[in-house]
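# Results of the structural survey
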Amino acid sequence: METPAAEDQNLVLILSCDGDHTIREGDWLRLWTSTGLGIAHDVWVGVGGTVYENSGPGGNVRRNTFGNVIAGRKVIHIVGRTAVADLEQKVAFAESKLDTLWTGFYNCQDFASEVATGSPQSLQREALVVVSLVTGGLVWFSNQQTPRKRTRRART
């Protein structure tokens, strides 16, 4: 399965990890509904137009169609590619994950990256953890400052 470049897809911007903007079987995709700030949805492209995704809160890992997954998307980022020799093994792994529940610690990014690289990772969750740690550290630091002594003015 190959899809044409961005100019043939109703102005969808395709960003590629390797300069080739053709979406192929075995690609790890990050999908955006806008070109501005927003939340991405990561999927892994299987064979024959099947896409594997962890569907979101309250959902689970499931199969979907390529057309359903990219409908309404404005930006498609090809995050990684699977070697043709590894495709069958990765499809089997994705199939083994079907019905795994979505959680904050196993979301769409975790699933797609695990299929693509063998290791689950979530940039959004990791960024949230870093921001939380920095904020917590700043609060702790500000509470460690010794209070200033109040001085009274002498009455004249």
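Above this text sits the structure in question.
Here the residue numbering is sequential within each chain, running from 1 through the sequence in written order. Given that this is a predicted model, residues contribute local features only at a pLDDT of at least 70 and side-chain atom pairs are listed and counted only at 80 or more, while totals for whole chains, interfaces and linings are drawn from all residues. For the side-chain quantities, the full set of heavy atoms in the structure was used; hydrogens and water were omitted.

In DSSP terms, a helix is any run of H or I states spanning at least four residues, a strand is any run of E spanning at least two, and both are numbered starting from the N terminus. Secondary-structure assignment places Asn54 in strand β4 (residues 50-54). Of the residues examined, Asn54 reaches a relative accessible area of 0% and is grouped as buried. In protein, a polar contact requires one atom able to donate a hydrogen and another able to accept it; more generally it is a pair of N or O atoms within 3.5 Å, and residues adjacent in sequence count only if both atoms are side-chain atoms. One polar contact links the side chain of Asn54 to the main-chain carbonyl oxygen of Tyr106, over a distance of 3.0 Å. Contacts were defined at the residue level, with two residues in contact if any of their heavy atoms lie within 4.5 Å. In contact with Asn54, not counting residues within four places along its chain, are His41, Asn60, Val61, Thr100, Leu101, Trp102, Tyr106, Asn107, Cys108 and Phe111. Buried means the residue's accessible area, taken with a 1.4 Å probe over protein chains only, is under 20% of the maximum for its type, while exposed means over 50%, and partly exposed covers the values in between.

Glancing now at unusual backbone geometry. A positive phi angle, near 75°, is found at Asp99, a position not held by glycine. Of note, Asp99 is situated in the loop between α2 (87-96) and α3 (108-117). Classification of Asp99 as exposed rests on a relative accessible area of 57%.

Two aromatic rings from Phe, Tyr or Trp, using only the six-membered ring of Trp, form a pair when their centres are within 6.5 Å; if the ring planes differ by under 30 degrees the pair is stacked, by over 60 it is edge-to-face, and anything between is tilted. Using the criterion set out here, one finds one aromatic pair in the structure. Taking 6.2 Å as the distance between ring centres and 40° as the angle between the ring planes, the aromatic pair formed by Trp44 and Tyr52 counts as tilted. Like Trp44, the residue Tyr52 is buried in the burial classification.

What follows is about the sheet that holds strand β1 (residues 13-16). Across the sheet, which stays open at both edges, the six strands sit in the order β1-β6-β2-β3-β4-β5 with mixed pairing between neighbours. Strands with a single pairing partner mark the edges of an open sheet, and in this sheet they are β1 and β5 (61-65). Along the sheet, successive strands turn relative to each other by an average axial angle of 30°, direction set aside. Examined bridge by bridge, β4 and β5 share five bridges and lie antiparallel to one another. Within β5, the residue paired with Glu53 across the bridge is Arg62. Its contacts with the sheet put α2 on β3 (41-45), β4 and β5, and the angle it makes with β3 is roughly 130°. Where α3 meets the sheet, it contacts β2 (28-32), β3, β4 and β5, and its direction lies at approximately 30° from that of β3. Only when DSSP finds a minimum of two bridges between them are two strands counted as paired. Each axis is a line fitted through C-alpha atoms, taken for helices only over the stretch in contact, and angles between the N-to-C directions span 0 to 180 degrees.

Okay, the environment of Arg24 next. Relative to the elements of secondary structure, Arg24 occurs in the loop between β1 and β2. Residues Arg24 and Gly49, 25 residues apart in the sequence, show an inter-C-alpha distance of 9.6 Å. A polar contact is formed between the side chain of Arg24 and the side chain of Asp20, at a distance of 2.3 Å.

Geometry only, nothing functional implied.
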